[in-house]
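# Residue-level structural notes
Residues per chain, in single letters:
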Amino acid sequence: MYRFLHGFTHRFGRRFRHRFGPAGKQVTLAQMPTGQSGVVVEILGGRMIANRLSSLGIRPGLRVTKVSSMLMRGPVAVQVGSVQLAIGFGMANRIIVELERVPE
Amino acid sequence: MTCHSAGSNSLGKKSDIKRILLMGNPNVGKSVVFSRLTGVRVITSNYPGTTVSYTRGFMKLGEETAEVIDVPGTYTLEPTTEAEKIASQMLDTGDLVINVVDATNLERNLYLTLQLLERSIPVVVALNIWDDTEHRGIHMDVKRLQGLLGVPVIPTVAVTGQGMKELVSSASRAASPDMPVRSRDERWAAIGAIIDQVQSITHRHHTWLERVEDACVKPLTGTIIALTVLAVAFLAVRFIGESLIGYVFDPIFNNLWAPVVLRLSDLLGGAGLLHGILVGKIIGGEMNFVESFGLLTTGLYVPFAMVLPYILSFYLVLGLLEDVGYLPRLAVLMDTIMHRLGLHGYAIIPTMLGLGCNVPAILATRILESKRERFIAATLISIAVPCAALQAMIFGLVGYHGGQYVAMVYGTLFVVWVILGFILNRVVKGFSPELLVEMPPYRLPQWRTVLQKLWMRVYSFLVEAIPIILAAVLVINILYALGVFHAIANFTAPVVTGLLGLPKEAVVALVIGFLRKDVALGMLAPLGLTAGQLVIGSVVLAMFFPCIATFVVLIRELGVVDMLKAAGIMITAALLVGGALNLIL
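Residues numbered from 1 in each chain as written. Chains lettered and ligands numbered in written order. Predicted model: local features only at pLDDT ≥ 70, side-chain atom pairs only at ≥ 80, totals over all residues.

### Remarks on the overall build of chain B
Broken down by element type, chain B carries 24 helices and nine strands. For 585 residues, the compact-globule formula gives about 25 Å, and the C-alpha radius of gyration of chain B, at 27 Å, lands near that figure. Classification of the 585 residues of chain B by burial places 49% in the buried group. (Helix = DSSP H or I, 4+ residues; strand = E, 2+ residues; numbered from the N terminus. Rg over C-alpha atoms; globule rule 2.2 N^0.38 Å. Buried ≥ 20, exposed ≤ 12 C-beta atoms within 10 Å, placed from the backbone.)

Encoded structure:
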């Protein structure tokens, strides 16, 4: 269903989620377990960070899957569409994602 | 809405196109397209940020010749790095933009495309890496995309040359559709709408290459893979280098060249100034290419039989690592450590380049975001990262006494790298930005591109380094004959002998190190040093001062003030470390 949100702005994204069922748990990308997918809800911090992240393909409304994270607050690797990105721990901690429910 | 009128160039006709800019996201193959269009060979790799400065070439466009510029990759026209800054500045100088787009990653790439279409410059889109879309399950309606963007869209496969002709002929149809200037969110919304209309993706399973990609960035498997890759790379460089020396270059010099030089020596009467310059010292009728120090002996033997084999082997292995796409993943693994040195993981890429030559390495620090990072990275590279030429000489001269001494040199330099980085991180104001980098998909390297790149790098060694090496040998002989070195040696003896424990003549090597470090290390050979002294000599020579080529690049990239700071750090660190080694060894 999140394909719906694809390409919509942050504001729209929120409105849609309200309509479609209960919101999942929200965590930061750094906290998200490896292998889990989620949808970016919000990017905390300045405009600079949001700008850089969005130009690389991370922005509210997009589905991301965590590939791995390094030990000792190391960078986080995520898959966004066909792109794999490495994001420093501090930055990953400012990206809020809503966890997708794992199919049982 | 915008109004492009006064001052903007409305150049649409093909005869008016004087300058074509190749622009696009990093790692979409701009440089490959550039080579195809202009025939100019440029270094291409599989990681974002290979091109850090612009390269120009020329191509035929109808009857006219147009200048083509390969602009560094950029995700957006709001620049965040030095390389991106160069890119957005270039935009104002062009008449036509060929926007190279990665077809397998259309959505992200279109952001820059829309920004370009908002400007008043005509644009053509090259939908590159087109051959990869099918097996990635991507289906695209190119006609529709062309209609929505309002500019020609040409599918291309730059590595094979597919679509290049169409791309060139489409230049005359290039347009500047007056797209409204949008905000960031509006742009993404517009892109979402375009993607929904032109692209559909069918699900597919992970390929084995993608599984390897993932394993390379997981802590446990990633570390094992990294250690293996680096060990294999090192052994391969060593093996190929030594084999080339032992089976190719040494036999050529000893069996073919030595008799010629000995004959010449006889003709010159075995002594005199000219004999000294051309042939050098011949002890007991035996040819010693390392120690004789003539232009035709050491002057040729050092570059061709000692350094060139390692240049060949190092750049072959580096080229493979670059083209596979491994280096950005190494950056991820190294990120935590590099942060302690005031850098982030991506700084490992300039560092690896530095093991070949410090000049391109310092240029490559442009991929780092802040001035602080660039200063730290450039300083660390020029102090603690020995270039391939110097390393070849270390292997040749120090390695003669045993592998443990080579390990001592490398170990010392590594410790210096870590400690100095740690100190610089504390001392230099500011903070290091976070790693944020795209990891390219693994690709099987193509021999053609790997060999072409190897040739370019070897060629630049041949034409740039060998004249300096020969000049250095000539200068050494003349200055010796004039007795200048004798004066310097006596003057600096307290430091060189007292602090570093080297014979006072070794200072000559340190001076010549400013020209070429490989020749400089070679100058220590006839002094009959112990293994320990050779270790000290190698380390001090590596750290003391950059060679002239690196020096020029450092001034250009850091500015005079920061260069002086870096030089101060180098000299201090070299003397401290050399002195400490002298006490230990």
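There's more to say after this.
### Some points on the interface of chain B and chain A
In this complex, chain B contributes 36 residues to the contact, which on the side of chain A involves 30 residues. Elements that contribute at least two residues to the side of chain B that touches chain A include exactly helix 3 (106-118), helix 7 (184-198), helix 8 (208-216), helix 12 (327-340) and strand 9 (436-439) of chain B. Looking at the side of chain B that touches chain A, the element that brings in the most residues is helix 7 of chain B, giving nine residues. Here the residues of the side of chain B that touches chain A are counted per class, giving 15 nonpolar, eight polar and 13 charged. Bridge count between strand 5 (residues 83-87) of chain A and strand 9 of chain B: four bridges; the pairing is antiparallel. Opposite A:A86, over in strand 9 of chain B, you have B:V437 as the bridge partner. (Contact = placed C-beta atoms within 7 Å. Nonpolar A, V, L, I, M, F, W, Y, C, P; charged D, E, K, R; others polar. Pairing = 2+ DSSP bridges.)

### Considerations on the sheet that holds strand 7 (residues 153-155) of chain B
Residues and elements named next belong to chain B. Pairing is mixed in the open sheet, where six strands are placed in the order 2-3-1-4-5-7. The outermost strands of the open sheet, each flanked by one partner alone, are strand 2 (55-61) and strand 7. Between one strand axis and the next, the sheet turns by 25° as a mean value, whatever way the strands run. Across seven bridges, strand 2 lies against strand 3 (residues 64-70) in antiparallel orientation. (Axes fitted to C-alpha atoms, helices over the stretch in contact; angles between N-to-C directions.)

### Some details on helix 21 (residues 517-524) of chain B
Across the eight residues that make up helix 21 of chain B, a large majority, eight, are buried. Taken together, the buried positions of helix 21 of chain B are B:K517, B:D518, B:V519, B:A520, B:L521, B:G522, B:M523 and B:L524.

### Digging into the pairing of strand 2 (residues 37-43) of chain A
Residues and elements named next belong to chain A. Sheet topology note: the strand 2/strand 3 (residues 63-69) ladder contains three bridges and is antiparallel. Bridge assignment links G38 to a residue of strand 3, and that residue is V64. Sheet topology places strand 2 next to strand 6 (residues 95-99); five bridges connect them, and they run antiparallel. Within strand 6, the residue paired with V39 across the bridge is E98.

### Observations regarding the packing of helix 5 (residues 142-149) of chain B against helix 7 of chain B
All names here are of chain B. At a minimum axis separation of 9 Å, helix 5 and helix 7 run at an interaxial angle of 155°. As far as their axial angle goes, helix 7 and helix 5 are roughly antiparallel. The interaxial crossing formed by helix 5 with helix 7 has right-handed handedness. Seen from helix 5, the contacting residues are R144, L145 and L148; seen from helix 7, they are I194, Q197 and V198. Residue composition of the contact of helix 5 with helix 7, grouped by class: four nonpolar, one polar and one charged. (Parallel < 35°, antiparallel > 145°, perpendicular 65-115°, else oblique. Left-handed = near helix turned anticlockwise from the far one by under 90°.)

### A word on unusual backbone geometry
Although it is not a glycine, A:M72 sits at a positive phi angle of roughly 50°. The residue A:M72 is located in the loop between strand 3 and strand 4 (76-80) in this model. One non-glycine residue, B:N27, lies in the positive phi region at around 60°. Mapped onto the fold, B:N27 is located in the loop between strand 1 (19-24) and helix 1 (30-38). A count of 25 C-beta atoms within 10 Å places B:N27 in the buried class.

### Structural notes on the packing of helix 22 (residues 531-544) of chain B against helix 24 (residues 560-584) of chain B
Residues and elements named next belong to chain B. Helix 24 packs onto helix 22 with a crossing angle of 170° between their chain directions and a minimal axis gap of 8 Å. Relative to helix 24, helix 22 is oriented roughly antiparallel. Contact residues: helix 22 offers V535, I536, V539, V540, M543 and F544, while helix 24 offers M570, I571, A573, A574, V577, G578, L581 and N582. Of the residues assigned to the contact of helix 22 with helix 24, the class counts are 12 nonpolar, two polar and no charged.

### Here we look at the sheet that holds strand 9 of chain B
One open sheet holds the seven strands; their spatial order is 1(A)-6(A)-2(A)-3(A)-4(A)-5(A)-9(B), and the pairing between them is antiparallel. The open sheet has two free edges, formed respectively by strand 1 (26-28) of chain A together with strand 9 of chain B, since each of these has just one partner strand. Recorded for the sheet is a direction-independent mean angle of 40° between the axes of neighbouring strands. Here strand 1 of chain A runs beside strand 6 of chain A; their pairing, made up of three bridges, is antiparallel. Bridge pairing in strand 6 of chain A places A:T28 opposite A:I96.

### Section: helix 17 (residues 403-427) of chain B
Residues and elements named next belong to chain B. Between the first and last C-alpha of helix 17 there are 36 Å, a value that for 25 residues agrees with the 36 Å anticipated at 1.5 Å per step. Along helix 17, the residues classified as buried are Y405, V406, M408, V409, T412, L413, V416, L420, G421 and L424. Against helix 15 (371-384), helix 16 (388-398), helix 22 and helix 24 lie the buried residues of helix 17. (Expected span 1.5 Å × (residues − 1).)

### Considerations on the pairing of strand 3 of chain B
Every other side chain in a regular strand lies on the same face of the sheet, so the side chains alternate between the two faces. Residue and element names in this part refer to chain B. Two strands pair when backbone bridges link them, and strand 1 and strand 3 are joined in this way by four bridges, in the parallel orientation. Along strand 3, the bridge assignment pairs L21 with I69. Connecting the antiparallel pair strand 2 and strand 3 is a turn made up of two residues, with G62 showing a positive phi of about 65°.

### What to know about the domain arrangement of chain B
All names here are of chain B. Under the domain assignment used here, chain B contains domain 1 (14-201) and domain 2 (220-433 + 450-584). Computed over C-alpha atoms only, the centres of domain 1 and domain 2 are separated by 40 Å. If you look at the interface, domain 1 gives 13 residues, while domain 2 gives 16 residues. Partitioned by chemical class, the residues of the side of domain 1 that touches domain 2 number four nonpolar, seven polar and two charged. (Domains from an automatic or database assignment.)

### A word on the confidence of the model for chain B
All names here are of chain B. Per-chain confidence: chain B averages 90 in pLDDT, with 97% of residues scoring 70 or above. Contacts for the low-pLDDT stretch residues 1-14, under 50 throughout, to residues beyond four places or in other chains number 16 contacts. In the model output, the complex is listed with pTM 0.87 alongside ipTM 0.81. (pLDDT = per-residue confidence, 0-100.)

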